[in-house]
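Observations on chain architecture
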Amino acid sequence: MPRFALLLWAAALVGTLALTGRAANPSPGDDLAALQGNWKPLQCEYEGKSQMPAEVMKQVTSVFDKNEYHLYFVDKEKGQPKVLKLAVANVGLDATTVPRTITFEFAEGPYKGQKRHGIYEIAGNQLKMCYGPVEKPKPTEFKAAANSGFFLETWARQVK
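Rules behind the numbers
Residues numbered from 1 in each chain as written. Predicted model: local features only at pLDDT ≥ 70, side-chain atom pairs only at ≥ 80, totals over all residues. Heavy atoms only, no water. Helix = DSSP H or I, 4+ residues; strand = E, 2+ residues; numbered from the N terminus. Buried < 20%, exposed > 50% of the residue type's maximum accessible area, 1.4 Å probe, protein only. Contact = heavy atoms within 4.5 Å. Core = buried A, V, L, I, M, F, W, Y, C linked by side-chain atoms within 4.5 Å. Pairing = 2+ DSSP bridges. Phe/Tyr/Trp six-rings, centres within 6.5 Å; stacked < 30°, edge-to-face > 60°. Lys NZ or Arg CZ within 6 Å of the ring centre and 35° of its normal.

Further remarks concern the side chain of Ser-62. Position of Ser-62 relative to the elements: it lies in strand S3 (residues 60-65). Relative accessible area serves as the criterion here: at 1%, Ser-62 is assigned to the buried category. In this structure, Ser-62 is in contact with Gly-37, Asn-38, Trp-39, Tyr-69, His-70, Leu-71 and Trp-155, ignoring residues within four places of it in sequence.

And the structure:
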């Protein structure tokens, strides 16, 4: 009986470790699924400087649709609001790295043909990203220092 109990305990431990490892390190598909939907900016910096006031951030929305990233701006200046698509990029994730890495390859908009790479973190309904051009080394921490070429952004999920 003690031997059976020991085997049962060992099997439970292996199962727990496997589940714990999977939860701590979700696959890129899990992170991609977690990104799906609409996001509003909470913070947008470039090289440590704010890129837009709070009122303008309210007009910006990003949408993750499968492996595509869409960036929109709602122009409320003249008459009826007009939705402008600023960019579309293909997104690649690597959840096996620490920190996790993200790549953008722009397919539409003024950055068409350009690539960006960086790091990301999903915490509940917030997404934090730090990224820059692929010609520069990938960021290793969530900082966008002066002359780094890095963007630092925090986004909040929009719940329907």
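There is more to say, and it comes next.
Here we come to the nonpolar core. Core analysis: the biggest nonpolar cluster contains 23 residues, and Tyr-69, Phe-104, Leu-127, Met-129 and Trp-155 have the highest contact counts within it. Only strand S1 (37-46), S3, strand S4 (68-75), strand S5 (82-94), strand S6 (100-108) and strand S8 (126-133) provide two or more residues apiece to this core. The leading source of residues in this core is S5, at four residues. In this structure Leu-127 touches Leu-35, Trp-39, Phe-64, Tyr-120, Glu-121, Ile-122, Glu-153, Thr-154 and Trp-155, once residues within four positions along its chain are discounted. With five residues, the next largest nonpolar core counts Ile-119, Cys-130, Ala-144 and Leu-152 among its residues.

We now examine the pairing of S8. Counting buried positions along S8 yields six of eight residues, so the element is predominantly enclosed. With eight bridges connecting them, strand S7 (residues 115-123) and S8 associate as antiparallel partners. For Ile-119, the partnering residue across the bridge sits in S8 and is Cys-130. Counted between consecutive antiparallel strands, the loop separating S7 from S8 contains two residues, among which Gly-124 sits at a positive phi close to 65°. Looking at chain direction, S8 and strand S9 (residues 151-157) are connected through six bridges and run antiparallel. The residue of S9 that forms the bridge with Cys-130 is Leu-152.

Take the packing of aromatic side chains next. All told, the structure shown has seven aromatic pairs when counted by the stated rule. Residues Tyr-131 and Phe-151 carry aromatic rings whose centres are separated by 5.3 Å and whose planes lie at 20° to one another, so their mutual orientation is stacked. One end of the pair, Tyr-131, is in strand S8; the other, Phe-151, is in strand S9, with 20 residues separating them in the sequence. These aromatic residues form a ring-pair network of at least three members: Tyr-46, Phe-64, Tyr-69, Phe-104, Phe-106, Tyr-111, Tyr-131 and Phe-151. The positively charged end of Lys-128 is found above the aromatic ring belonging to Phe-142, 5.6 Å away from the centroid.

Moving on, we come to the environment of Phe-64. One can find Phe-64 in strand S3. Residues Phe-64 and Ala-33 lie 31 residues apart in sequence; the distance between their C-alpha atoms is 9.2 Å. Ignoring anything within four residues of it in the chain, the contact list for Phe-64 reads Leu-35, Gln-36, Gly-37, Trp-39, Tyr-69, Val-91 and Leu-127.

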